[in-house]
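Chains, contacts and geometry: an overview
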Amino acid sequence: PMRREYSDEALKALILNFIMRKGRWGEHYFPIDTMAKWLGQVVKNNGKNIKKKVKELANEGYLILHKGNTTASLNPRLKHEIMEYIENNLSDVEQ
């Protein structure tokens, strides 16, 4: 796939969308390293940037981190906000 530049918002939406498509909410979490590898194939800014954005999303309450911050899931209490964030920051092409 083509790697391209993403704005910070689009990158965060990409992360949320990825975890949502895996169906990982609450106690169902996904390894951050694996996600960084997957997304690193489409994102020009490298995996480190993805991990930084994961931290930001966790600080904002969208993501819940588990297992010493090595895995992440979506916060079910913010389901509406998460869907809205993805919708507002990812273009149709990326979904």
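This text goes with the structure placed above it.
This brings us to the overall build of the protein chain. Along the protein chain, the regular secondary structure elements total 4 helices and 3 strands. Secondary structure of the protein chain in N-to-C order comes out as α-β-α-α-β-β-α. For 95 residues, the compact-globule formula gives about 12 Å, and the C-alpha radius of gyration of the protein chain, at 12 Å, lands near that figure. Along the first, second and third principal axes, the C-alpha atoms of the protein chain reach 35 × 25 × 20 Å. Within the protein chain, the fraction of its 95 residues that count as buried is 43%. Contacts spanning at least 24 positions in sequence make up 67% of the contacts within the protein chain whose residues lie at least 6 apart. Entry remark: accessible area of the protein chain is about 5,800 Å², with carbon and sulfur atoms responsible for 50%.

This paragraph deals with the pattern of salt bridges. In the structure shown here, the tally under the stated rule is 5 salt bridges. For E60, the salt bridge goes to K12, with nearest N and O atoms at 2.9 Å. Here E60, found in the loop between helix 3 (47-59) and strand 2 (63-66), pairs with K12, found in helix 1 (residues 8-21); they are 48 residues apart in sequence, far enough to count as distant. Taking the relative accessible area as the measure of exposure, E60 reaches 41% and is therefore partly exposed. Close ionic contact of E56 with K53 constitutes a salt bridge, the shortest N to O distance being 3.3 Å. Highlighted residues: E56 and K53, both in helix 3, separated by 3 residues, approximately one helical turn. Of the residues examined, E56 reaches a relative accessible area of 26% and is grouped as partly exposed.

Rules and cut-offs
- Residues numbered from 1 in each chain as written.
- Predicted model: local features only at pLDDT ≥ 70, side-chain atom pairs only at ≥ 80, totals over all residues.
- Heavy atoms only, no water.
- Helix = DSSP H or I, 4+ residues; strand = E, 2+ residues; numbered from the N terminus.
- Rg over C-alpha atoms; globule rule 2.2 N^0.38 Å.
- Buried < 20%, exposed > 50% of the residue type's maximum accessible area, 1.4 Å probe, protein only.
- Contact = heavy atoms within 4.5 Å.
- Areas by Shrake-Rupley, 256 points an atom, 1.4 Å probe, with all protein chains shown as cover.
- Salt bridge = Lys/Arg side-chain N within 4 Å of Asp/Glu carboxyl O.

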